[in-house]
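Given next are the chains, with one letter for each unit.
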Amino acid sequence: TGNQWGYGKDDGPSAWNKNYPVADGDRQSPIDILPHQARHDPNLGPIVLNYDRCTSINIANNGHSVVVEFEDSDDRSVIQGGPLDNPYRLKQFHFHWGGKGCHGSEHTVEGNSYASELHLVHWNAVKFKTFGEAASAPDGLAVLGIFRSDEHRWLHMITDALYTVKFKGSVTDFKGFNPKCLLPSSLHYWTYLGSLTTPPLHESVTWIVVKEPMIVSEKQLGKFRTLVFTGEEEDERTRMENNFRPPQLLKGRTVRSSN
Ligand code: B30
Ligand code: ZN
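Small disclaimer: the values here were computed from a predicted structure and weren't measured.

Take the coordination of the copper atom of ligand 1 next. Each donor-metal-donor angle would ideally measure 109.5 degrees in four-coordinate tetrahedral geometry, or 90 or 180 degrees in six-coordinate octahedral geometry. Exactly one donor from the protein chain reaches the copper atom of ligand 1: His 202 (NE2), at 2.5 Å. Locating His 202 in the fold gives a position in the loop between β11 (189-194) and β12 (205-215).

Here we take up the coordination of the zinc ion (ligand 2). Within the first shell, the zinc ion (ligand 2) binds the protein through His 94 (NE2), His 96 (NE2) and His 119 (ND1), at distances of 2.0 Å. Taken together, the four donor atoms surrounding the zinc ion (ligand 2) define angles of 99 to 117° at the centre, an arrangement classified as tetrahedral. Spacing between the donor residues of the zinc ion (ligand 2) along their common chain follows H-x1-H-x22-H. Neither residue differs from the other here; His 94 and His 96 are each classed as buried.

Among the secondary structure elements, Ser 65 is positioned in the loop between β4 (56-61) and β5 (66-70). Of note is the side chain of Ser 65, whose polar atom sits 2.5 Å from the backbone oxygen of Phe 95. The residues touching Ser 65, leaving out its near neighbours within four places in the chain, are Ala 60, His 94, Phe 95, Trp 97, Met 240 and Asn 243.

Moving on to the site of ligand 1. The local shell around ligand 1 holds 15 residues, among which Gly 132, Thr 197, Thr 198, Pro 200 and His 202 are the closest. His 94 places a polar side-chain atom, nitrogen or oxygen, 3.3 Å from a nitrogen atom of ligand 1. Interatomic distance of 2.7 Å between a side-chain N/O atom of Thr 197 and a nitrogen atom of ligand 1. Going through the elements one at a time, β7 (88-97), β9 (116-123) and α2 (131-134) are the ones with two or more residues in the shell around ligand 1.

A word on the nonpolar core. Among the nonpolar cores identified, the biggest contains 25 residues, and Ile 79, Trp 97, Leu 144, Ile 146 and Ile 208 are the most heavily contacted of them. Every element with two or more residues in this core is listed here: β5, β7, β9, β10 (141-149), β12 and α4 (218-224). Considering every element that reaches this core, the biggest residue donor is β7, with four residues. Not counting residues up to four positions away in its chain, the partners in contact with Ile 79 are Ile 47, Val 48, Leu 49, Leu 84, Asn 86, Pro 87, Tyr 88, His 122, Leu 144 and Ile 208. Listed in part, the 21 residues of the second largest apolar core include Phe 128, Ala 137, Tyr 192 and Val 205.

Thresholds applied
Residues numbered from 1 in each chain as written. Chains lettered and ligands numbered in written order. Predicted model: local features only at pLDDT ≥ 70, side-chain atom pairs only at ≥ 80, totals over all residues. Heavy atoms only, no water. Donors = N, O, S within 2.8 Å, 3.2 Å for Na, K, Ca; no water. Helix = DSSP H or I, 4+ residues; strand = E, 2+ residues; numbered from the N terminus. Tetrahedral: all angles 85-135°; square planar, octahedral: opposite > 155°, others 65-115°. Buried < 20%, exposed > 50% of the residue type's maximum accessible area, 1.4 Å probe, protein only. Polar contact = N/O pair within 3.5 Å; in protein donor to acceptor, adjacent residues only side chain to side chain. Contact = heavy atoms within 4.5 Å. Near = heavy atom within 4 Å. Core = buried A, V, L, I, M, F, W, Y, C linked by side-chain atoms within 4.5 Å.

From the geometry alone we can't say anything about function, so treat these as descriptive.
Structure follows, in structure tokens:
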């Protein structure tokens, strides 16, 4: 197993260039996004997600992340609009997250990390016959990145109400708390040309990074951290955490902004 890679001291992101020289290429991901340097592009339309029918197949621990796979033999679940010339089919989604503390996202904004990042991976079935073919082509993939944050808003709603329930037996109305507010209400985004963020690091991805984070609780994050990188039969058990690649050099690329 010579081409093994991971997130450890010896097989982590800084060692990937040994087996995957493109790790030092001109179009690598993730990146640090500088909002003030992003160019507003009035031609960038809204992102349209057609995830109408549930085409999910299974959920798996692939030793690097947790992945939910989708039926992708037709256009039932697609992303279109934005920087994309045609619909791209949903193949899978997975997460990157940290250990304790608030690091865990792959993309950063002005140097700041979020707790986690969701990646919805789509492929260009108009131009390519298989995901594998698309995965190594410059316009083969589109990944929608969504930050997840454990910050204020939602927690605020709770913590602001705590003083009213300080003592045993106290009950206070807490009406109108719609858990929908855990979803980002706007799909404004940044977009740039990049790569897979894990080996083989193919430079095939149109990245679409949603500006507004989704809220995830520390408890929910804790459940992700109960996964392990290692197989059931292996003696060593390593907790699956910090499965993110740090930001790579921009190398002259422009980041465009939808608003
Ligand atoms: S990410 O969203 O940038 N984190 C893959 C998809 C999305 C990301 C990272 C990786 C992925 O599909 N990886 C497997 C790629 N390959 C395996 C391979 O070794 O070479 C499968 C493939 O095409 O079908 Cu190329
Ligand atoms: Zn990813």
